Amino acid sequence: MSKTIFGKIAAKEIPAKLVYEDDRVVAFRDINPQAPVHILIIPREEIARVSDTKPAHEALLGHLVWVASEVARREGVESTGYRLVINNGPDAGESVPHLHVHLLAGRALGWPPG
């Protein structure tokens, strides 16, 4: 499988405005933000989408959510609220086939979302 743009960002082949990174995940600002705070959290491992995960990915999936909460704290939106979104497949709005969590915050977010 060739690297997606997110895989290239995780490998530091393409620059991005990183806000967090460790040995398992990278978080960076979305280049087309849908809210004042719009950060993508991606695993370094190239997994196309959440429906492609396996039981061995359980800890990684939990780590993605923990990192999202840590990034929200660092961005100062922990107390006002934020939304986490994972799109799975084209009908859900998935545009890059690399598992990623959207962290959206900085304004009131309507419901239903779409």
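Residues numbered from 1 in each chain as written. Predicted model: local features only at pLDDT ≥ 70, side-chain atom pairs only at ≥ 80, totals over all residues. Heavy atoms only, no water.

Asker: With reference to specific residues and values, describe a nonpolar patch on the surface.
Answerer: There is a patch of nonpolar side chains on the surface, built from V65, Y82 and L84 and spanning about 230 Å² of accessible area. Overall, the relative accessible area of 31% leaves Y82 in the partly exposed class. (Patch = residues over 30% accessible without salt bridge, like charges linked within 9 Å, V, L, I, M, F, W, Y side chains within 5 Å. Areas by Shrake-Rupley, 256 points an atom, 1.4 Å probe, with all protein chains shown as cover. Salt bridge = Lys/Arg side-chain N within 4 Å of Asp/Glu carboxyl O. Buried < 20%, exposed > 50% of the residue type's maximum accessible area, 1.4 Å probe, protein only.)

Asker: Lay out the pairing of strand β5 (residues 101–105) with the relevant residues and their values.
Answerer: β5 sits mainly inside the fold: five of its five residues count as buried. Relative to β5, strand β3 (residues 37–43) runs antiparallel, the two sharing five bridges. Each residue of the ladder has a partner; that of I41, found in β5, is V101. Judged from the four bridges that link them, strand β4 (residues 82–85) and β5 form a sheet pairing that is antiparallel. Across the sheet, residue V85 finds its bridge partner in β5, namely H102. (Helix = DSSP H or I, 4+ residues; strand = E, 2+ residues; numbered from the N terminus. Pairing = 2+ DSSP bridges.)

Asker: Let's hear about the layout of surface pockets: which residues, and what values?
Answerer: Counted as a void, the largest pocket has a volume near 680 Å³. Lining the largest pocket are 34 residues; nearest its centre among them are D30, N32, Q34, H38 and H102. Counting residues per element, the ones that place at least two in the lining of the largest pocket are α1 (5–10), β2 (25–29), β3, β4 and β5. (1 Å grid on protein atoms, 1.4 Å probe; cavity = no way out; pocket = protein on both sides within 12 Å on 5 of 7 lines; lining within 4 Å. Points joined across faces, edges and corners; volume = space filled by probe spheres on them.)

Asker: Just give me the short version of the sheet that holds β2, but keep the residues and values in it.
Answerer: Spatial ordering of the open sheet is given by β1-β2-β3-β5-β4, a layout of five strands whose pairing is antiparallel. Pairing within the sheet leaves two strands with one partner each, and these edge strands are β1 (18–21) and β4. When the angles between neighbouring strand axes are averaged without regard to direction, this sheet yields 20 degrees. Of the strand pairs in this sheet, β1 and β2 are connected by three bridges, and their pairing is antiparallel. When the bridges of β2 are listed, Y20 appears paired with A27. Relative to β3, helix α2 (residues 58–75) is tilted by about 150 degrees, and along the sheet it contacts β1, β2, β3, β4 and β5. (Axes fitted to C-alpha atoms, helices over the stretch in contact; angles between N-to-C directions. Contact = heavy atoms within 4.5 Å.)

Asker: Run through the nonpolar core, naming residues and quoting values.
Answerer: Counting residues in hydrophobic clusters, the biggest one holds 18 residues, and the most contacted among them are V25, I41, V71 and L103. Where this core is concerned, the elements lending two or more residues are β2, β3, α2 and β5. The element best represented in this core is α2, accounting for six residues. If near-sequence neighbours (up to four positions away) are discounted, V71 is found in contact with V19, Y20, A27, I39 and L103. Judged by nonpolar contacts, the second largest core, of eight residues, contains I9, V26, F28 and V96. (Core = buried A, V, L, I, M, F, W, Y, C linked by side-chain atoms within 4.5 Å.)

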